[in-house]
Amino acid sequence: MQTAKRFFSLEGIDGSGKSTHIDMLVRALESEGYKVVRLREPGGAKISERIRELLLDPAFKGVMADDTELLLYNAARAQVIHEIIQPALDAGSVVIADRFAWSTFAYQGYARGLGADKVHRLTELTCGGCFPELTIVLDLTVEASRKRMANRGGTPDRLESEKAEFFERVREGYLAAGRDYSDCVSVVDADRTQDEVHRDVLSLIHAKLK
Ligand code: TMP
């Protein structure tokens, strides 16, 4: 996959601390003078946010076909690349995405069982060269993730309401990505203090921005 400089994504199962670490990372980079564009996936552009509503609606649990899910995540991504990511990269900004194509690899490819080949082919079509030069996976056991999520409360969306086995497979997918694509995926142990995790995240990003 051809990658785009200054484009980064953070990945992980729910509760892995992505949002907190993106907050910390964006603050750190901005204080160093970088212009940073941050977005979440699926989402980040109006059309992509509308697709997100469809994807996460609990009413479609057991109704939405796996291929529909795969295509909708890619449709949301195509729009946010077109409208937000590519223009920001062209303007010299750093782009930080809360999830991107490695989510599709882990959730649809691994956990739904659609397979890496199919996901990669579609990713190529959707992203072209607009693919993160580095993705950081915040790794956490499913048990630790469940504990953190239970403390948060709220009604689970369609994906969050999947069983623990589903998330075990998601985690396996992320670890496989870190093993097989180590040139652009780094796995960081998220079961440590916020400061320790942040230090690792920042030094991985600094190494790419040099
Ligand atoms: P979020 O709640 O972390 O914003 O992510 C939305 C959900 O969508 C989350 O459960 C992960 C899932 N997801 C996929 O299954 N495939 C994808 O390609 C993306 C980006 C997210």
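Rules used throughout
Just so you know, the residues in each chain are numbered from 1, in the order the chain's sequence is written. It should be noted that, the model being predicted, local features are given only for residues of pLDDT at least 70 and side-chain atom pairs only at 80 or more, the latter also being counted only at that level, while totals for whole chains, interfaces and linings use all residues. Think of the side-chain values as coming from all heavy atoms in the structure, minus any hydrogens and water. Strand pairing is assigned whenever DSSP identifies at least 2 bridges connecting the two strands. We count a stretch as a helix when DSSP gives it H or I for four or more residues in a row; a strand needs E for two or more, and each element gets its number in order from the N terminus. Axis definition: a line fitted to C-alpha atoms, over the contacting stretch in the case of helices. Angles run 0 to 180 degrees between N-to-C directions. By definition, residues are in contact when any of their heavy atoms lie within 4.5 Å. Convention used here: angles under 35 degrees read as roughly parallel, angles over 145 as roughly antiparallel, angles from 65 to 115 as roughly perpendicular, and any remaining angle as oblique. Put simply, a crossing is left-handed when the front helix is turned counterclockwise from the back one by less than a right angle, and right-handed when it is turned clockwise. We call a residue near a given molecule or strand whenever any one of its heavy atoms falls within 4 Å of it. Nitrogen and oxygen atoms within 3.5 Å of one another constitute a polar contact, given that in protein one can donate a hydrogen and the other can accept it, and given that sequence-neighbouring residues count only through two side-chain atoms. Using a 1.4 Å probe, accessible areas were evaluated by the Shrake-Rupley method; residue-level cover was limited to the displayed protein chains. Here a cavity means grid points, on a 1 Å grid over the protein atoms only, where a 1.4 Å probe fits yet cannot get out; a pocket means an open set of points with protein on both sides within 12 Å along at least five of seven lines; lining residues are those with an atom within 4 Å of a point. More than half of a molecule's atoms within 2 Å of the grid points is what it takes for that molecule to sit in a cavity or pocket. Polar here means any residue outside two lists: the nonpolar Ala, Val, Leu, Ile, Met, Phe, Trp, Tyr, Cys and Pro, and the charged Asp, Glu, Lys and Arg; Gly therefore counts as polar. Just to be clear on terms, a salt bridge is a Lys or Arg side-chain nitrogen sitting within 4 Å of an Asp or Glu carboxyl oxygen. Only protein chains enter the area calculation, which uses a 1.4 Å probe; residues under 20% of their type maximum are buried, those over 50% are exposed, and those in between are partly exposed. In these notes, a set of buried Ala, Val, Leu, Ile, Met, Phe, Trp, Tyr and Cys residues joined through side-chain atoms within 4.5 Å is what counts as a nonpolar core.

Undergrad: It is not clear to me how the sheet that holds strand β1 (residues 4–11) should be interpreted in this structure. Could you clarify?
TA: Think of a sheet as strands paired side by side through backbone hydrogen bonds, with each pair either parallel or antiparallel. If you walk across this open sheet you meet the five strands as β2-β3-β1-β4-β5, and the pairing is parallel. Strands with a single pairing partner mark the edges of an open sheet, and in this sheet they are β2 (36–40) and β5 (185–189). Taken pair by pair, the neighbouring strands of this sheet meet at an average axis angle of 20°, ignoring direction. Alignment of strand β4 (residues 132–139) against β5, held across five bridges, turns out to be parallel. Counterpart to T135 in the pairing with β5 is V185. Of the strands in this sheet, β1, β4 and β5 are in contact with helix α7 (residues 164–180), which crosses β5 at around 125°.

Undergrad: Explanation requested: the packing of helix α1 (residues 18–31) against helix α8 (residues 194–209) in the structure shown.
TA: How two helices sit against one another is set out by the angle between their axes and by the gap between those axes. The N-to-C vectors of α1 and α8 enclose an angle of 50°; their axes lie 10 Å apart at closest approach. Classified by the interaxial angle, the pair formed by α1 and α8 is oblique. Note that α1 runs across α8; the crossing there is right-handed. On the side of α1, the interface is formed by T20, H21, M24, L25, A28 and L29, while α8 contributes Q194, D195, V197, H198, V201, L202, I205, H206 and L209.

Undergrad: Explanation requested: the site of the ligand in the structure shown.
TA: The immediate surroundings of the ligand are formed by 14 residues, with R52, Y73, R99, T104 and Q108 found nearest. Between R99 and the ligand, the recorded distance is 2.8 Å, taken from a side-chain N or O atom to an oxygen atom. Measuring from an oxygen atom of the ligand, one finds a side-chain N or O atom of T104 at 2.6 Å. With the chains in place, 94% of the 480 Å² that the ligand exposes on its own is no longer accessible. At a threshold of 2 Å from the grid points, most atoms of the ligand map onto the largest pocket. Among the secondary structure elements, those contributing two or more residues to the shell around the ligand are α2 (46–56), α3 (66–90) and α4 (101–111). Per element, the largest residue contribution to the shell around the ligand is four residues, and it comes from α4. Partitioned by chemical class, the residues of the shell around the ligand number five nonpolar, three polar and six charged.

Undergrad: It is not clear to me how the pattern of salt bridges should be interpreted in this structure. Could you clarify?
TA: Side chains that carry opposite charge are capable of pairing whenever their charged atoms lie near each other. Taken as a whole, this structure holds 15 salt bridges when the rule is applied. Here D98 and K18 are joined by a salt bridge, their closest N and O atoms 3.0 Å apart. Remark: K18 occurs in helix α1 and D98 occurs in strand β3 (residues 94–98); sequence separation between them is 80 residues. A relative accessible area of 11% means that D98 is categorised as buried.

Undergrad: Sorry, what's going on with the side chain of S16 here?
TA: Secondary-structure assignment places S16 in the loop between β1 and α1. Separated by 2.8 Å, the side chain of S16 and the backbone oxygen of I13 make a polar contact. Once you skip the residues sitting within four places of it in the chain, S16 turns out to touch E11, L138, L140, R148 and A190.

Undergrad: I keep staring at the nonpolar core and nothing clicks. Help me out?
TA: For soluble globular proteins, nonpolar side chains are generally found buried alongside one another. Formed by 43 residues in total, the largest nonpolar core has its most connected members in F7, I85, F100, Y107 and V170. Of all the elements in the fold, those that place two or more residues in this core are β1, α2, α3, β3, α4, α5 (116–127) and α7. Per-element tally for this core: the top contributor is α3, with nine residues. Not counting chain neighbours up to four residues away, the residues in contact with I85 comprise F7, L39, V80, V95, F100 and C130. Counting 22 residues, the second largest nonpolar core, distinct from the first, contains A28, I96, L138 and A190.

Undergrad: Would you take a moment to explain the environment of T20 for this structure?
TA: With respect to the helices and strands, the residue T20 is situated in helix α1. For T20, a relative accessible area of 32% gives the class partly exposed. Each C-alpha atom, one on T20 and one on Q194, is 8.5 Å from the other, the two residues being 174 residues apart in sequence.

Remember that the coordinates give geometry; whether it matters functionally is a separate question.
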